[in-house]
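# Residue-level structure breakdown
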Amino acid sequence: MAAATEIHHRKFRSRGGTHDPSNLIHLCGFGNHTGCHGIAHSERGHELGWSVHSWDEPARVPVRYPDGSWWLLDHSGGREEV
C-alpha cells in the first residue's frame, strides 16, 4: 500500500466542498489520476465514500478505510465507526 501523500476533498471544491475535516481525507497518488486519488475521482470513489455528490453532506457519508472498516468523519476532526 502506498503512503498517503495528498489531501483530497470528498465533496470537490468545484461542487461547493469546504476545508472541514469531515470533507478531507489523505490518499496516495498524484493529482486526480493515479493511486487512490485517481480512484476517488471515479465511480468507485463514491462507493468507498472517498467522494460524495454535490447534494451530500460529507459528515453523513461513511468512508471506507484500508482495513475495511467504515467511519463517519465529523467537523472537528473526530470519527465514529459505523
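Residues numbered from 1 in each chain as written. Predicted model: local features only at pLDDT ≥ 70, side-chain atom pairs only at ≥ 80, totals over all residues. Heavy atoms only, no water.

## Some thoughts on the sheet that holds strand E4 (residues 70–73)
Here is the rule: When DSSP finds two or more bridges between a pair of strands, those strands are recorded as paired. Under the scheme used here, helices are H or I runs from DSSP no shorter than 4 residues and strands are E runs no shorter than 2 residues, and both carry numbers assigned from the N terminus.
Strand order in this open sheet of three strands is E3-E4-E5, and the pairing throughout is antiparallel. At either end of the open sheet lies a strand with only one pairing partner, and these are strand E3 (63–64) and strand E5 (79–81). Judged from the three bridges that link them, E4 and E5 form a sheet pairing that is antiparallel. In the sheet register, Leu72 faces E5, and the bridge partner there is Glu80.

## Details of the side chain of Ser22
Going by this rule: The classification of residues rests on relative accessible area computed with a 1.4 Å probe and restricted to protein chains. Under 20% of the type maximum is buried, over 50% is exposed, and intermediate values are partly exposed. Here, residues are in contact when the closest pair of their heavy atoms is within 4.5 Å.
Its place among the elements puts Ser22 in the loop between strand E1 (6–9) and strand E2 (24–27). Judged by relative accessible area, Ser22 falls into the buried class, the value being 1%. Once you skip the residues sitting within four places of it in the chain, Ser22 turns out to touch Arg10, Glu57, Pro58, Ala59, Leu73, Asp74 and His75.

## Notes on the pattern of salt bridges
Selection rule: Here, a salt bridge means any side-chain nitrogen of Lys or Arg that lies within 4 Å of a carboxyl oxygen of Asp or Glu.
Under the definition given, this model contains one salt bridge. We note a salt bridge from Glu47 to Arg44, for which the minimum N-O separation is 3.2 Å. Placement of the pair is Glu47 and Arg44 together in helix H2 (residues 43–48), with a separation of three residues, close to one helical turn.

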